[in-house]
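In case you want the letters, here they are:
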Amino acid sequence: MDWIELLLLAVVGIFGGVLSGLVGVGGGIVFVPGLVYVAGWDVRDAVAASLGIIIFSSLSGTVRSVFSKDPVNWRCAGVLSAAGAPAALIGVAINRSVPEEYVQLGFSLLLLVLAYPTARGRKDYGGKRRTLPLAAVIVLAAVSGVLAGMLGVGGGALLVPLMMLGLGLKTKQAVSTSLAVVTVTATVGILGYLYAGFDELSTLPPLIIGSIFGAMLGVRVRDRVPSGAIRVAFAGFMVVVAINGFFEAGII
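This is a predicted model, so every value here is computed, not measured.

Student: What is the right way to read the pattern of salt bridges from this model?
Tutor: Any two side chains of opposite charge can pair, given that their charged atoms come close. Scanning the model with the defined rule gives one salt bridge in all. Measuring nitrogen to oxygen at the nearest pair gives 3.8 Å for the salt bridge that ties Arg 64 to Asp 223. Taken together, the residues Arg 64 in helix H3 (residues 43-66) and Asp 223 in helix H9 (residues 204-224) connect sequence positions 159 residues apart.

Now the structure itself:
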């Protein structure tokens, strides 16, 4: 690997890390294409490697969030991690056996359904108003874990609106809490891939280093941006991910 490729991978890591810290996602939507198109990886190996990178970017963002104005809600993080992390192993098994287009399509449809209420949001009532029952939140958290394991994403694109609409968290605290959940889910997922025989780790260091610094920068930017702007931007991000999913599934 030459220095130009190393530099490109570091830039991919920084960009994914900023996205992680800013909106509470793992950055897999950046890491997977980066590994495929910059490093020439097979998409299935890229998915596995993405989870390994996500651990560091999300952990970096989580640590930085502890000192932010909207820290992690550890109770919510524990509930969602208990539902989503074990389910990541199901996603690993699916990745190895079932065409991912079908799950990609379902994920994209779900993102589109949640995008509008996420963008419209509500005033930060401090958890007094909820529009999703707790049972639905837990089930969908498990779904996000499956998707994380299968597609190499942290699941934050689904977790953030779930916490806002189902657990009553404010926008920025939902982002902080999502980072903690994503860290746990990605850890379980990469362990599953390592057990299944994944061993392509030599390309990861520049991505990991870039993602750590990028996530810290993303959290700092988040602290200075109004919640409404983050909410709308995140909804736009969900739509972009959904459209990309339709392309991947061959729908458009």
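Student: Explain the packing of aromatic side chains here, please?
Tutor: The geometry of two aromatic rings is summed up by the distance between their centres and the angle between their planes. Summed over the entire model, instances satisfying the criterion amount to two aromatic pairs. With a centroid separation of 5.8 Å and an interplanar angle of 45 degrees, the aromatic rings of Phe 234 and Phe 237 are classed as tilted. Of this pair, Phe 234 and Phe 237 both sit in helix H10 (residues 227-249), separated by three residues, roughly a single helical turn. This pair shows no difference in class: Phe 234 is buried, exactly as Phe 237 is.

Student: Is there a simple way to think about the side chain of Ser 60 in this case?
Tutor: For Ser 60, the location among the structural elements is in helix H3. Excluding residues that lie within four positions of it along the chain, Ser 60 makes contacts with Ile 212, Ala 215 and Met 216.

Student: Would you explain the packing of helix H1 (residues 3-23) against H9 in this entry?
Tutor: To describe two helices that pack against each other, one gives the angle between their axes and the distance between the axes. Look at H1 against H9: their axes get within 6 Å of each other, and the N-to-C directions meet at 35 degrees. Where H1 crosses over H9, the two elements pack in a sense that is right-handed. The residues of H9 that touch H1, namely those facing Leu 6, Leu 9, Ala 10, Val 12, Gly 13, Ile 14, Gly 17, Val 18, Gly 21 and Leu 22, are Pro 206, Leu 207, Gly 210, Ser 211, Gly 214, Ala 215, Leu 217, Gly 218, Val 219, Val 221 and Arg 222. Tallied by class, residues from the contact of H1 with H9 come to 13 nonpolar, seven polar and one charged.

Student: Please explain helix H6 (residues 134-151) as it appears in this structure.
Tutor: Structurally, the α-helix is built with 3.6 residues per turn, so residues lying three or four positions apart point the same way. With 18 residues, H6 ought to run about 26 Å at 1.5 Å a step, and its terminal C-alpha atoms sit 25 Å apart, in line with that. Listed as buried for H6 are Val 137, Ala 141, Ser 144, Gly 145, Val 146, Leu 147, Ala 148, Gly 149, Met 150 and Leu 151. Just beyond H6, the residue with positive phi is Gly 152, at close to 75 degrees.

Student: For this particular structure, what's the right way to read helix H2 (residues 28-37)?
Tutor: Of all the residues in H2, the buried ones are Gly 28, Val 30, Phe 31, Val 32, Gly 34 and Leu 35. Those residues of H2 that are buried are in contact with H1, H3, H6 and H9.

Student: So what exactly am I meant to see when it comes to the confidence of the model for the protein here?
Tutor: Should pLDDT be low for a region, the predicted coordinates there are not to be read in detail. Considering every residue of the protein, the mean pLDDT works out to 84; 94% of them sit at 70 or more. For the protein, the element scoring lowest by mean pLDDT is H2, at 78; helix H4 (residues 74-95) scores highest, at 94.

Student: Even after reading the chapter, I still don't get a nonpolar patch on the surface, so can you show me in this structure?
Tutor: A contiguous nonpolar patch, built from Trp 3, Ile 4, Leu 7, Leu 8 and Val 11 and spanning about 540 Å² of accessible area, is present on the exposed surface. Here Trp 3 lies in helix H1.

Student: Would you mind showing me how to read the environment of Leu 109 here?
Tutor: Among the structural elements, Leu 109 can be located in helix H5 (residues 100-120). Overall, Leu 109 belongs to the partly exposed group, its relative accessible area being 44%. Taking the C-alpha atoms as reference points, Leu 109 and Gly 168, separated by 59 residues in sequence, lie 23 Å from one another.

Student: Looking at this model, I keep getting lost on the environment of Met 163. Mind explaining?
Tutor: Its place among the elements puts Met 163 in helix H7 (residues 156-166). Under the relative-accessibility criterion, Met 163 is labelled buried at 0%. The spatial distance from the C-alpha of Met 163 to the C-alpha of Gly 197 is 34 Å, given a sequence separation of 34 residues. Those residues in contact with Met 163, other than ones at most four positions away along the chain, are Leu 80, Gly 168, Leu 169, Ala 174, Thr 177 and Ser 178.

Parameters at a glance
Residues numbered from 1 in each chain as written. Predicted model: local features only at pLDDT ≥ 70, side-chain atom pairs only at ≥ 80, totals over all residues. Heavy atoms only, no water. Salt bridge = Lys/Arg side-chain N within 4 Å of Asp/Glu carboxyl O. Helix = DSSP H or I, 4+ residues; strand = E, 2+ residues; numbered from the N terminus. Phe/Tyr/Trp six-rings, centres within 6.5 Å; stacked < 30°, edge-to-face > 60°. Buried < 20%, exposed > 50% of the residue type's maximum accessible area, 1.4 Å probe, protein only. Contact = heavy atoms within 4.5 Å. Axes fitted to C-alpha atoms, helices over the stretch in contact; angles between N-to-C directions. Left-handed = near helix turned anticlockwise from the far one by under 90°. Nonpolar A, V, L, I, M, F, W, Y, C, P; charged D, E, K, R; others polar. Expected span 1.5 Å × (residues − 1). pLDDT = per-residue confidence, 0-100. Patch = residues over 30% accessible without salt bridge, like charges linked within 9 Å, V, L, I, M, F, W, Y side chains within 5 Å. Areas by Shrake-Rupley, 256 points an atom, 1.4 Å probe, with all protein chains shown as cover.

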